[in-house]
Amino acid sequence: MTKCDRNVWLQGGNEVCCREDAPPARPYRLVLLGAPGVGKGTQAELLSERLQACQLSTGDIFRAAKAADPSTLTPAMRDALGYMQRGELVPDDTVIALVRERMTCLRCPYGFLLDGFPRTVRQAEVLDEMLAGENLHLDFVLNYELPFEEVINRLSGRRTCRVCKTTYHIVTKPPRQENVCDKCGGELYQREDDRPESIRVRLQAYEESTAPLVDYYAKHGILRTISAEGSPQEIFARTMQILSERTA
Ligand code: AMP
């Protein structure tokens, strides 16, 4: 199986997806919800391998832009990076425009795993419109839940590889060699928005703007809440159990 090609998602515009494996008969289209630090990204990676669907993270688009030559960024993207650095949400119009430019990924015959989008009710409404326009629908919205103290713990200990973006935790999932990625040898760093001052702002943004999505999707009957306690494999097993509920 060729791995999913996230260049189209990260770069947008004119990139072309070059997957060659046969798409699944019934692709999954999922949204992953949950406070920063609950492990959505890790679950998205595991699900991506299992389901063939690409992990589409809006946060990754901003991080890719941050690593790019600043002179190539649009003013809206430069503003967006300021919001991200402070741990605040980027304005809806900017995020929605970025997702619209990547409509190809939402139409993908392999399905998709949206990670970090939508994050406000307005974004969720626009996503519904975009999907309805393509005659597509979400299978489930997976809502990962974790006690507040555990969220802080996971975020403040998280380290990310600069090169391949694999994540570690200084206590629960340390790399073999301090600050060096086991997979590619890249340098590990602490994301600016994983520092204590930004964590506070991010969790507040989550409570105010993103938590209302739980009600929004519950009303649509597609919300499934999953405990994010335990190891990634345990959480993944719970997730697969939920997905097995999908009717034929
Ligand atoms: P994440 O990696 O999903 O935690 O995203 C990192 C940062 O990118 C967030 O703290 C926001 O500043 C910004 N961001 C990512 N996705 C969105 C979104 N859907 N709406 C608003 N801001 C976003």
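Residues numbered from 1 in each chain as written. Predicted model: local features only at pLDDT ≥ 70, side-chain atom pairs only at ≥ 80, totals over all residues. Heavy atoms only, no water.

S.K.: An account of the domain arrangement of the protein is requested, with residue identities and associated values reported.
M.R.: According to the domain assignment, the protein consists of domain 1 (6-146 + 197-243) and domain 2 (147-194). Domain 1 and domain 2 are separated by 20 Å when their C-alpha centres are compared. At the interface, 17 residues of domain 1 touch 15 residues of domain 2. Buried surface at the junction of domain 1 and domain 2, summed over both partners, amounts to about 1,500 Å²; 54% is from carbon and sulfur atoms. In terms of surface lost to domain 2, no three residues of domain 1 exceed Leu146, Ile199 and Arg202, which account for 39% of the buried area on that side. In this structure, the connection of domain 1 to domain 2 is made through three salt bridges. (Domains from an automatic or database assignment. Contact = heavy atoms within 4.5 Å. Buried area = accessible area lost by both parts, 1.4 Å probe. Salt bridge = Lys/Arg side-chain N within 4 Å of Asp/Glu carboxyl O.)

S.K.: Outline the nonpolar core, listing residues and values.
M.R.: With 39 residues, the main nonpolar core has Phe62, Met77, Leu106, Leu114, Leu127, Leu138 and Tyr217 as its most contacted residues. When residues no more than four places from it in sequence are discounted, the contact partners of Leu106 are Arg29, Leu56, Val99, Phe112, Leu114, Leu127, Leu131 and Leu136. Core analysis: the next-biggest nonpolar cluster, separate from the first, contains 26 residues, Leu51, Leu113, Ile199 and Ile242 among them. (Core = buried A, V, L, I, M, F, W, Y, C linked by side-chain atoms within 4.5 Å. Buried < 20%, exposed > 50% of the residue type's maximum accessible area, 1.4 Å probe, protein only.)

S.K.: An account of the environment of Glu192 is requested, with residue identities and associated values reported.
M.R.: On the secondary structure map, Glu192 appears in the loop between strand S7 (188-189) and helix H9 (196-210). In this structure Glu192 comes out as partly exposed when scored by relative accessible area, which is 28%. Note: C-alpha distance between Glu192 and Gln55 (137 residues apart in sequence) is 22 Å. The contact partners of Glu192, leaving out residues within four places of it in the chain, are Lys66, Gln85 and Ser198. (Helix = DSSP H or I, 4+ residues; strand = E, 2+ residues; numbered from the N terminus.)

S.K.: Outline the sheet that holds strand S2 (residues 54-57), listing residues and values.
M.R.: Strands sit in the order S2-S3-S1-S4-S8 across an open sheet of five strands; the sheet is parallel. Two strands bound the open sheet, and with one partner strand each, they are S2 and strand S8 (223-227). Across the sheet, the mean angle separating the axes of adjacent strands is 25° when strand polarity is ignored. (Pairing = 2+ DSSP bridges. Axes fitted to C-alpha atoms, helices over the stretch in contact; angles between N-to-C directions.)

S.K.: Break down the site of the ligand for me, citing the residues and quoting the values.
M.R.: If you check the shell around the ligand, you find 16 residues, and the closest are Thr58, Arg63, Glu88, Gly116 and Gln123. Backbone polar atom of Gly116 to a nitrogen atom of the ligand: 2.8 Å apart, as the coordinates give it. Arg191 is positioned such that a nitrogen or oxygen atom in its side chain is 3.4 Å from an oxygen atom of the ligand. Across the complex, the protein chains shield 96% of the 480 Å² of accessible surface that the ligand would expose by itself. The leading source of residues in the shell around the ligand is helix H3 (residues 58-67), at four residues. Residue classes in the shell around the ligand are distributed as six nonpolar, four polar and six charged. (Near = heavy atom within 4 Å. Polar contact = N/O pair within 3.5 Å; in protein donor to acceptor, adjacent residues only side chain to side chain. Areas by Shrake-Rupley, 256 points an atom, 1.4 Å probe, with all protein chains shown as cover. Nonpolar A, V, L, I, M, F, W, Y, C, P; charged D, E, K, R; others polar.)

S.K.: Run through the sheet that holds S7, naming residues and quoting values.
M.R.: Read across the open sheet, the three strands follow the order S6-S5-S7; overall the sheet is antiparallel. Looking at the sheet topology across the chains shown, the edges are occupied by strand S6 (167-169) and S7.

S.K.: How would you explain the pairing of S2 if you had to name every residue and give the values?
M.R.: Burial of the side chains of S2 extends over both faces: Cys54 and Leu56 are buried on one face and Gln55 and Ser57 on the other. Across four bridges, S2 lies against strand S3 (residues 111-115) in parallel orientation. Along S3, the bridge assignment pairs Leu56 with Leu114.

S.K.: Help me get a handle on the pattern of salt bridges, residues and values and all.
M.R.: According to the stated counting rule, one finds 16 salt bridges in the structure shown. Taking the shortest distance from any N to any O, the salt bridge between Arg162 and Glu187 comes out at 3.1 Å. Of this pair, Arg162 sits in the loop between strand S5 (158-161) and S6 while Glu187 sits in the loop between S6 and S7, and the two are 25 residues apart along the sequence. Accessibility expressed as a relative area gives 45% for Glu187, which makes it partly exposed. The network of salt bridges with shared partners includes Arg158, Arg191, Asp193, Asp194 and Arg202.

S.K.: Before we move on, can you summarise helix H10 (residues 212-219) with the specific residues and values?
M.R.: Taken together, the buried positions of H10 are Leu213, Tyr216 and Tyr217. Relative to the axis of H10, the buried residues are bounded by an arc of 85° and lie together on one face. Those residues of H10 that are buried lie in contact with strand S1 (28-33), helix H7 (121-133), strand S4 (140-145), H9 and S8. Among the residues trailing H10, Gly221 stands out with phi positive, at a value near 75°. (Arc of directions from axis to C-beta.)

S.K.: Provide a residue-level description of the environment of Thr160, including the pertinent values.
M.R.: Mapping Thr160 onto the fold places it in strand S5. Under the relative-accessibility criterion, Thr160 is labelled buried at 6%. Between the C-alpha atom of Thr160 and that of Cys181, which follows or precedes it by 21 residues, the distance is 8.3 Å. The contacts of Thr160, once residues within four sequence positions are left out, are Lys165, Thr166, Thr167, Glu187, Leu188, Tyr189 and Arg191.

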